[in-house]
Structure formats: structure tokens, C-alpha cells
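# Summary of structural features
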Amino acid sequence: MTAQELLSYRFRQGIELWMEGDRLRYRGVKRTIPPQLVALLRQHKVELQVLLKERKKNPNEPFPLSYTQKAFWFLYQMNPTSTAYIGSLAVTLRGPVSAPALRRALEQLCMRHPSLRTSLVLQEEVPWQQVDAAPACSLSITDATSWSDEALQARVQTEAHRPFNLLQEAAI
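Residues numbered from 1 in each chain as written. Predicted model: local features only at pLDDT ≥ 70, side-chain atom pairs only at ≥ 80, totals over all residues. Heavy atoms only, no water.

### A look at the overall build of the protein
For the protein, the count of helices and strands is six helices and five strands. Ordered by position in the sequence, the α and β elements of the protein form the string α-β-β-α-α-β-α-α-β-β-α. For 172 residues, the compact-globule estimate of 2.2 N^0.38 gives 16 Å, and the protein exceeds it by more than 25% at 20 Å. Dimensions of the protein, computed from the C-alpha atoms along their principal axes, are close to 60 × 40 × 30 Å. (Helix = DSSP H or I, 4+ residues; strand = E, 2+ residues; numbered from the N terminus. Rg over C-alpha atoms; globule rule 2.2 N^0.38 Å.)

Listed below in C-alpha cells is the structure:
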């Protein structure tokens, strides 16, 4: 694994990596940093320090895609209208709901998990991942209280199987 791939991997795993003077520091949720990863961090310490210093100068610089993202990009190129790899979830909320509070909760979720703010960009026809500083998560609210069960199920199915453009839309 190269230092750049390691940087992308730790990002997807929610592991923070930063510089304190000349020291490389890392932090992750309990049990998310296996000993093998710590060994790789130590092995690539100098390269990671250089990458982190560059990243600090230019925080909007895109990252290379992970192997999984490359595979997903390949499949997307083969069939952009496929929804085979899109996960969807429908939730029924009962009782009063505060739309502003729900929007803020979604924004906080997106701020906490950078992968939800990551989009793909093309540079010289090569896809890269870029983390947006502000959440692009949007919440669409539809009052379906007067809808029949059939109409509601049809709308849920339509939304669950709606393809999206990897270069123009956020994952959430």
C-alpha cells in the first residue's frame, strides 16, 4: 500500500491523521486501528508527513480513488442508469416531526462522516474523490399523509431505484 492509498484508506475508515510539529499523530474510534495499520503508518511516516503538509496547503485537492471506488466507477461507466449498487432506506416517522431539526441532524451526520461529503471529479479523464468542506446533504420532505398505501409504495420504489450521476450528485 502506498502512502497515498494509506491516506485514502484511513480517511474512509474515519481515522484522523495530523502533524504535531514533526510527529505524526493518529486517532480513531476504539478498535478501528489494527496493529497492521499502525505498522504501515510507521513505515510510511515520512511520505505521510509530506502528503499531510501538502494537504494542509491545499485542503480541496482531490484524493485518488480506492480500489472499491475504481470498481464502482468502472461499473458506473458500463451502465450509468443501473441502480444495482445503490442502497436505499425508507423510514416511517410517526408523530410530530421538526423539519429544521431533522435537516440539522442530517447536516451534522454529513459533517461527522466525510465519506458522505465525498464526490467524484474528473481530472484529465481520470476520476478522483474530493471531500466537500460543507455538507451537500439535502433533505426533501414530502407530506404523504393523504396518500394511499399503494401510491406511497410506488413513490418509495421510484425513489429507491432512481439512478444518480456520480459526478453531479452527493451519495446522500
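So, next bit.
### Considering the nonpolar core
If you look at soluble globular proteins, the nonpolar side chains tend to sit buried side by side. In this structure, L7, L17, L41 and L48 are the most contacted members of the largest nonpolar core, which totals 13 residues. For this core, the secondary-structure elements that each account for two or more residues are α1 (3-12), α2 (35-43) and α3 (45-57). The residues touching L7, leaving out its near neighbours within four places in the chain, are L17, L48, L51, L52 and F63. With six residues, the next largest nonpolar core counts L65, W73, F164 and L166 among its residues. (Core = buried A, V, L, I, M, F, W, Y, C linked by side-chain atoms within 4.5 Å. Buried < 20%, exposed > 50% of the residue type's maximum accessible area, 1.4 Å probe, protein only. Contact = heavy atoms within 4.5 Å.)

### With respect to helix α4 (residues 67-78)
Structural remark: α-helix, 3.6 residues per turn; residues separated by three or four positions point the same way. With 12 residues, α4 ought to run about 16 Å at 1.5 Å a step, and its terminal C-alpha atoms sit 17 Å apart, in line with that. Within α4, burial applies to Q69, W73 and Y76. Around the axis of α4, the buried residues are gathered within 60° of arc, so they sit on the same side. Exposed residues lying more than 90 degrees from the buried face of α4 are Y67, T68, F74 and M78. Looking at the buried residues of α4, the elements they touch are β3 (63-64), β4 (118-123) and β5 (126-131). (Expected span 1.5 Å × (residues − 1). Arc of directions from axis to C-beta.)

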